[in-house]
Amino acid sequence: MMNSPPITLTIAGSDCSAGAGLQADLKTFQHFGVFGLTAVTCVVAETPNVVRSVHAVSPAILQDQLKVLLDAFPVAAIKTGMLFSKAHIVAVTEILSGYPDVPLVVDPVMISSTGDPLLETSAVAAYKGRLFPLARLITPNLDEAEVLWDGEVRDEAAMERCARELSSRHGCAVLLKGGHLGAAECADLLVDGGGASWFRSPRIDTAASHGTGCTLSAAIAANLATGANLHDAVAAAKDYLDRTLAESFAWGAVAALNQGTTLTREGLKAT
Ligand code: PXL
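Conventions used here
Residues numbered from 1 in each chain as written. Predicted model: local features only at pLDDT ≥ 70, side-chain atom pairs only at ≥ 80, totals over all residues. Heavy atoms only, no water. Axes fitted to C-alpha atoms, helices over the stretch in contact; angles between N-to-C directions. Helix = DSSP H or I, 4+ residues; strand = E, 2+ residues; numbered from the N terminus. Parallel < 35°, antiparallel > 145°, perpendicular 65-115°, else oblique. Left-handed = near helix turned anticlockwise from the far one by under 90°. Contact = heavy atoms within 4.5 Å. Buried < 20%, exposed > 50% of the residue type's maximum accessible area, 1.4 Å probe, protein only. Polar contact = N/O pair within 3.5 Å; in protein donor to acceptor, adjacent residues only side chain to side chain. Near = heavy atom within 4 Å. Areas by Shrake-Rupley, 256 points an atom, 1.4 Å probe, with all protein chains shown as cover. 1 Å grid on protein atoms, 1.4 Å probe; cavity = no way out; pocket = protein on both sides within 12 Å on 5 of 7 lines; lining within 4 Å. Sits in = over half its atoms within 2 Å of the grid points. Nonpolar A, V, L, I, M, F, W, Y, C, P; charged D, E, K, R; others polar. Pairing = 2+ DSSP bridges. Core = buried A, V, L, I, M, F, W, Y, C linked by side-chain atoms within 4.5 Å. pLDDT = per-residue confidence, 0-100. Salt bridge = Lys/Arg side-chain N within 4 Å of Asp/Glu carboxyl O. Points joined across faces, edges and corners; volume = space filled by probe spheres on them.

Packing of helix α1 (residues 21-31) against helix α7 (residues 212-225) leaves a shortest axis separation of 9 Å and a crossing angle of 40°. Overall, the two elements α1 and α7 adopt an arrangement that is oblique. Considering the relative orientation of α1 and α7, their crossing is right-handed. Touching Gly21, Ala24, Asp25, Thr28 and Phe29 of α1 are Cys214, Thr215, Ala218, Ala219 and Ala222, all from α7.

As structure tokens, this is what we get:
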């Protein structure tokens, strides 16, 4: 028998176009050599350019998926993506509170890259009050951070204030993604305990942006599952995301990240 790899579980929506959501997570897990499990929250009919409809799975069926998986498999890390509603967040926290030692990465998905809502507004309080306290890390982008923090975050100084405050408020690490600042580089800030580290990478010119948040948080969870510390997991995940962007695909009007990238770090520097 082969050596059995660590297991990572994603709790997320299904993106039928497979660049985001649980499909992006599974491809990312495969890249890092961890075994991926999925608990689906919603079925989203979409492409990178349009969200046609969202059909939520009942919270009871979501809990059944979590129970059956967590009873049977030694899950080493968990990530959440699109959770859609307060009832789904409550359902997830009821189960995950029984697994405090499994590192949890929460991507607080609120809006799709097309601007469509992926979370009911009434669910934000449940994120803050119930799910974040269970998280090792939350990974908001600037728009999500503004909703969570209730303040404007439009420069690096504000990013640092916001990330530090969210971290101390919720008792978890924060990776605040600065990609939307519009600068020539993409600057993300990790605040963990009292420490803050910037991760900077040059902006990659590509039409593919759908699924970047899902892919990054899945890559962090995969690296935590293999035993990396949080700083190294974020560094490896950022590096991988850059490679999925540098080798992204386009078929006419639709573009997608290449989660199966075979670029090396050295190859990335040369592109
Ligand atoms: O990128 C956020 C996201 C998360 N989950 C699902 C999605 C998307 C974006 O479209 O479809 C299922």
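With respect to the helices, strands and loops of the structure, Ser112 is situated in the loop between β5 (104-106) and α4 (124-131). What makes Ser112 buried here is its relative accessible area of 10%. The spatial distance from the C-alpha of Ser112 to the C-alpha of Ala125 is 19 Å, given a sequence separation of 13 residues. Other than its neighbours up to four places away in sequence, Ser112 contacts Val51 and Leu118. A distance of 2.4 Å separates polar atoms of two side chains, one belonging to Ser112 and the other to Thr114.

Before going further, it helps to examine the site of the ligand. Around the ligand, the surrounding shell consists of Gly13, Asp15, Ala20, Gly21, Glu46, Met82, Val109, Ser112, Leu118, His210 and Cys214. Here an oxygen atom of the ligand sits 2.2 Å away from a polar atom, N or O, in the side chain of Glu46. In the complex, the protein chains occlude 93% of the 310 Å² of accessible area that the ligand would expose alone. More than half of the atoms of the ligand fall within 2 Å of the grid points belonging to the largest pocket. Split into classes, the residues belonging to the shell around the ligand amount to 5 nonpolar, 4 polar and 2 charged.

Bringing the pairing of strand β7 (residues 173-177) into the picture now. Judged by how many residues are buried, β7 sits mostly within the fold: 5 of 5 residues are covered. Residues Ala173, Leu175 and Lys177 point to one face of β7 and Val174 and Leu176 to the other, with burial holding for every one of them. As paired elements, strand β6 (residues 137-138) and β7 share 2 bridges and run parallel to each other. The residue bridging Leu137 from the neighbouring strand is Ala173, located in β7.

Our next topic: the nonpolar core. General note: in soluble globular proteins, nonpolar side chains tend to be found buried as a group. Counting residues in each nonpolar core, the largest one holds 44 residues, and the members touching the most others are Leu9, Ile11, Leu66, Ile78 and Leu176. Among the elements that take part in this core, helix α6 (residues 156-170) stands out by supplying 5 residues, more than any other. Excluding residues that lie within four positions of it along the chain, Leu176 makes contacts with Pro140, Asn141, Leu142, Ala145, Val153, Met159, Cys162, Ala163, Ala187, Asp188 and Leu189.

Of the residues in the protein chain, 97% reach a pLDDT of 70 or more, and the chain-wide mean stands at 95. Of all secondary-structure elements in the protein chain, the lowest mean pLDDT belongs to helix α9 (residues 265-270), at 57, while β5 reaches the highest, 99.

With that out of the way, let us pick up the pattern of salt bridges. A complete count under the given rule lists 11 salt bridges for this structure. Glu185 is the partner of Arg200 in a salt bridge, and the nearest nitrogen-oxygen pair spans 2.7 Å. Here Arg200 is found in strand β9 (residues 195-202), whereas its partner Glu185 is found in strand β8 (residues 185-192), with 15 residues between them in sequence. According to the relative accessible area criterion, Arg200 is partly exposed, its value standing at 41%.

Another aspect to go through is the layout of surface pockets. There is about 1000 Å³ of room inside the largest pocket. Asn141, His180, Ser209, Thr212 and Gly213 are the residues nearest the centre of the largest pocket, which is lined by 44 residues in total. Residue assignment for the lining of the largest pocket shows that the elements contributing at least two residues are β1 (7-15), β2 (35-47), α5 (142-149), β8, β9, α7 and α8 (230-246). Per-class residue counts for the lining of the largest pocket are 17 nonpolar, 17 polar and 10 charged.

Another aspect to go through is the side chain of Ser85. One can find Ser85 in the loop between β4 (75-80) and α3 (86-96). Note on Ser85: relative accessible area 6%, which makes it buried. Of note is the side chain of Ser85, whose polar atom sits 3.2 Å from the backbone nitrogen of Ala87. Separated by 2.6 Å, the side chains of Ser85 and His88 make a polar contact. Setting aside chain neighbours within four positions, we find Ser85 in contact with Leu119, Glu120 and Ala123.

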